[in-house]
Amino acid sequence: MYTFSGSTLYIVDNPYLEKLPNFNIVDGKRVNLLVINNPKLNTSQLLEECKIKKCSNATINKIQKPYTCTFSLPLSPGCRFIFGDVDLPGYDESLDQIKVIYGTLTLNGTNVTSFPKLPNLRRLVQNPGKPLLVVENNQELTDMKALYNTTLDIDDIQNAVRISGNPKLCKTRKEANETFVVKYLDHINFCKEEPAVKDAAIKSASMDNGFDFKRLIFSRSSGTIGCWAAALIYSLLLNLVNL
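- The protein is annotated in an unreviewed UniProt entry as Receptor L domain protein from Oesophagostomum dentatum.

So this is what it looks like as structure tokens:
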């Protein structure tokens, strides 16, 4: 057991360090801790002790989660749990190994068209007082499908997710019920559908009602009133498809 009060403890960049002594913190408000980038280190006891002795959030945020490393590209082989902020410049092959991020995932000011694929990412965990996900000012970004199957562990919902300034970002109607879309992309517009998609939707609506409205519009035998009515119905269908 190691007891300290009013002390400073730095444990940084030790790739082979696996174990710490058990710590007894006398006063959590008087300690200064920095424990990061020790990928084989279990910090569970230190984190729990710091919380019990009421260390500040700033201090707790400087103690890595168990078995994590800090983010830098390319990632070191075997680095699957990231502690700290991850600022994505775009896709990098080493990102494929990330499973959990304890910190802020950011995509800001890039020209990517789709959110970079992180095929093994399963969780984002928010650190107290910091956002979990920031996606801002990406002029060409059109979709965020790469995050649809990722679990977001949120501590403070008001400060958790910031998505703005992405003028081309949109959602399709097929995605409308995706959990990620419902929770975090509700303010994003629907994508404009291609004409072929519109025609298919209109044809489907027509068949459901036993009529082919497009055929009715151009039928010579429909008469002026019939053509006018059919055109009106067709226009209404177009508007419904565009909603």
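Let's pick the thread back up.
Details of the overall build of the protein
- Tallying secondary structure elements over the protein gives six helices and twelve strands in all.
- Counting every position in the protein, which comprises 243 residues, the buried fraction comes to 37%.
- Sequence-distant contacts, at least 24 apart, represent 52% of the contacts inside the protein between residues at least 6 apart.
- Within the structure as shown, the protein displays about 14,200 Å² of accessible surface, and the carbon and sulfur contribution to it stands at 52%.

A short note on the environment of Lys183
- Within the secondary structure, Lys183 is located in helix α3 (residues 179-184).
- Considered as a pair, Lys183 and Val161 are 22 residues apart in the sequence and their alpha carbons are 9.9 Å apart.

Overview of the packing of aromatic side chains
- For the structure on display, the rule yields two aromatic pairs.
- Aromatic pair Tyr148 and Phe180: ring centres 5.8 Å apart, planes at 35 degrees, arrangement tilted. Pair noted here: Tyr148 is in the loop between β10 (133-136) and β11 (151-153) and Phe180 is in helix α3, with a separation of 32 residues, a long-range link.
- Judged by its relative accessible area of 2%, Phe180 falls in the buried class.
- In this structure, Lys171 is placed above the aromatic ring of Phe190, and the distance from its NZ or CZ to the ring centre is 5.2 Å.

Quick word on helix α1 (residues 44-52)
- Every buried residue belonging to α1 is among Leu46, Leu47, Glu49 and Cys50, and all of these are buried. Projected onto a plane normal to the axis of α1, the buried residues spread over an arc of 165 degrees and lie on a single side.

A few points about the nonpolar core
- Ile82, Leu105, Phe115, Met144, Phe180 and Leu185 are the most contacted members of the largest nonpolar core, which has 32 residues in total.
- Those elements that place two or more of their residues in this core are β8 (105-108), β10 and α3.
- Broken down by element, this core gets its largest block of residues, three residues, from α3.
- Each residue touching Leu185, except ones within four places of it in the same chain, is listed here: Met144, Tyr148, Ile163, Leu169, Lys171 and Phe180.
- Core analysis: the next-biggest nonpolar cluster, separate from the first, contains 15 residues, Leu9, Leu20, Cys55 and Ile60 among them.

Structural notes on the sheet that holds strand β9 (residues 123-125)
- Here four strands make up an open sheet; going across it, the order is β5-β7-β9-β11 and the pairing parallel. Edge positions in the open sheet fall to β5 (81-83) and β11, since each of these has one partner strand only. Taking the axes of each pair of neighbouring strands and ignoring which way they run, one obtains an average angle of 10 degrees across the sheet.
- Where β5 and strand β7 (residues 100-102) come together, three bridges link them in parallel fashion. Bridging from a neighbouring strand, Phe83 pairs with Tyr102 of β7.

What counts and how
- Residues numbered from 1 in each chain as written.
- Predicted model: local features only at pLDDT ≥ 70, side-chain atom pairs only at ≥ 80, totals over all residues.
- Heavy atoms only, no water.
- Helix = DSSP H or I, 4+ residues; strand = E, 2+ residues; numbered from the N terminus.
- Buried < 20%, exposed > 50% of the residue type's maximum accessible area, 1.4 Å probe, protein only.
- Contact = heavy atoms within 4.5 Å.
- Areas by Shrake-Rupley, 256 points an atom, 1.4 Å probe, with all protein chains shown as cover.
- Phe/Tyr/Trp six-rings, centres within 6.5 Å; stacked < 30°, edge-to-face > 60°.
- Lys NZ or Arg CZ within 6 Å of the ring centre and 35° of its normal.
- Arc of directions from axis to C-beta.
- Core = buried A, V, L, I, M, F, W, Y, C linked by side-chain atoms within 4.5 Å.
- Pairing = 2+ DSSP bridges.
- Axes fitted to C-alpha atoms, helices over the stretch in contact; angles between N-to-C directions.

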